[in-house]
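Chain by chain, the residues:
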Amino acid sequence: MVWEKDPLVQKVCELYDQISSLESLKPSKDVNMLFTQLVLTCMPPSPIDVTKLCKRIQEIRFKLIRLCGEAEGLLESHFSTILGSYENPLHHLNIFPYYSNYLKLSLLEFDILKKHCSDYVPIKVAFVGSGPLPLTSIVLASFHLTTTSFHNYDIDPSANSKALQLVSSDPDLSERMFFHTTDIMDVTYALKDYDVVFLAALVGMDKDAKVRVIDHLAKYMAPGAVLMLRSAHGARAFLYPVVDPCDLTGFEVLSVFHPTDEVINSVVIARKVPTTKHTVENPKLPNKCSDIDMFSPLLNHVNLIEELDIEDQLS
Ligand SMILES: C[S@@+](CC[C@H](N)C(=O)[O-])C[C@H]1O[C@@H](n2cnc3c(N)ncnc32)[C@H](O)[C@@H]1O
């Protein structure tokens, strides 16, 4: 189908023109109004396949994803600064306008994780691209994985110092949340200690960059460890990069879930396969997620069905 004439695509291009003309993407009435319009335009289920867009609109999409990422970072930084001024920041998270979205997204990710690691609670989780307001780690640690330690990686030192400020006064999370300031591409053997690695939607802003990060994680994560990724589907792919199962070399894709409500990101869960050219010598098996016999006929049978489901979903 030729998407250029599609009214939704036309609306996205109009909004791009206005957003790209803004002086600043810091939270303001105009910025909030334009991004709210953009999200409301892209949210409804849509048959749009962004791989079929013409070159001009592909370029608009790539620039728009970057603008959305910049605005999201500025929004999170803005509210993290306000929250950091409270005595107990974690008691006031609901001042963040998208807090309920994170509650729903984190519950969705926890439910999907539980389904594929049903007999085991992860001991160590890494969140890559945690940002100045690491709500996924905070929500998971507070409500779902209440004994798990969370290692948050962010390339931006100011993001980590703001994030640390939010949890340092909490007796529980201050003991279970850790922050590492580094490019994830520079983290190697430490990655093999994590039972689960979450990859933020905004780490790897285009396909090539995303695949480079995924290949790096495939090289150093422990066999059997779980990778949770955020992707996008339909018109939501104008807001975030898309992760396709074929991008996940070195992993076995367990499921892909496309929400249709106000949770914008699709969720992809995959498990590091035990034998891959990427495997680093003598990898330490993280824990029970890898104790599952990766090649037991039953498991393969179940996985095959789920992968077939994936094929159905994606066809
Ligand atoms: C603003 S946060 C938003 C996270 C968002 N809530 C999500 O789930 O995608 C994204 C963070 O990723 C960080 N980031 C981007 N590339 C990175 C990399 N290669 N290594 C570590 N952090 C990175 C940015 O500094 C930014 O703070």
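Residues numbered from 1 in each chain as written. Predicted model: local features only at pLDDT ≥ 70, side-chain atom pairs only at ≥ 80, totals over all residues. Heavy atoms only, no water.

For the chain, an unreviewed UniProt entry supplies the name Nicotianamine synthase and the organism Gossypium lobatum. Its UniProt record gives the chain the following Function (unreviewed entry) comment, quoted word for word: "Synthesizes nicotianamine, a polyamine which serves as a sensor for the physiological iron status within the plant, and/or might be involved in the transport of iron." Of the comments in the UniProt record for the chain, the one headed Catalytic activity (unreviewed entry) reads "3 S-adenosyl-L-methionine = nicotianamine + 3 S-methyl-5'-thioadenosine + 3 H(+)". (UniProt positions renumbered as here; feature names shortened; annotations may be inferred.)

Peer 1: An account of the site of the ligand is needed here, citing residue identities and associated values.
Peer 2: Taken together, 17 residues surround the ligand, and among them Y102, D154, D183, A201 and R230 come closest. One of the backbone nitrogen or oxygen atoms of I184 is found 3.1 Å away from a nitrogen atom of the ligand. For the ligand, whose free accessible area comes to 590 Å², the fraction covered by protein is 87%. If you tally residues by element for the shell around the ligand, the top one is helix 3 (residues 55-84), at three residues. When grouped by side-chain class, the residues that make up the shell around the ligand number seven nonpolar, four polar and six charged. Taken domain by domain, the shell around the ligand gets at least three of its residues from each of domain 1 (3-93) and domain 2 (99-314). (Near = heavy atom within 4 Å. Polar contact = N/O pair within 3.5 Å; in protein donor to acceptor, adjacent residues only side chain to side chain. Areas by Shrake-Rupley, 256 points an atom, 1.4 Å probe, with all protein chains shown as cover. Helix = DSSP H or I, 4+ residues; strand = E, 2+ residues; numbered from the N terminus. Nonpolar A, V, L, I, M, F, W, Y, C, P; charged D, E, K, R; others polar. Domains from an automatic or database assignment.)

Peer 1: Could you give an account of the environment of E23, with specific residues and numbers?
Peer 2: By the element assignment, E23 lies in the loop between helix 1 (7-19) and helix 2 (29-42). With a relative accessible area of 85%, E23 lands in the exposed category. In this structure the C-alpha to C-alpha distance between E23 and L239, which are 216 residues apart in sequence, comes to 20 Å. (Buried < 20%, exposed > 50% of the residue type's maximum accessible area, 1.4 Å probe, protein only.)

Peer 1: So what's going on with helix 1? Residues and values would help.
Peer 2: Look at helix 1: 18 Å from first C-alpha to last across 13 residues, which is about the 18 Å you get at 1.5 Å a residue. All of the buried residues along helix 1 are L8, V9, V12, C13, L15, Y16 and I19. Buried residues of helix 1 fall within an arc of 165 degrees about the axis and therefore sit on the same side. Looking at the buried side of helix 1, the elements it contacts are helix 2 and helix 3. (Expected span 1.5 Å × (residues − 1). Arc of directions from axis to C-beta. Contact = heavy atoms within 4.5 Å.)

Peer 1: Could you give me a rundown of the domain arrangement of the chain, with the residues and numbers involved?
Peer 2: Domain boundaries in the chain define domain 1 (3-93) and domain 2 (99-314). Across the contact, 33 residues belong to domain 1 and 30 residues belong to domain 2. For the pair domain 1 and domain 2, the number of links is one salt bridge. We note a salt bridge from D206 to R66, for which the minimum N-O separation is 3.1 Å. Here domain 1 and domain 2 share nine residue pairs in polar contact (both at pLDDT 80 or more) between them. (Salt bridge = Lys/Arg side-chain N within 4 Å of Asp/Glu carboxyl O.)

Peer 1: Go over the pattern of salt bridges with me, naming the residues and quoting the values.
Peer 2: Applying the stated criterion to the full structure yields nine salt bridges. K52 serves as the salt-bridge partner of D49, at 3.0 Å between the closest nitrogen and oxygen. With relative accessibility at 53%, the residue K52 sits in the exposed group. If you follow the salt bridges from partner to partner, you end up with K207, D244 and D247 in one network.

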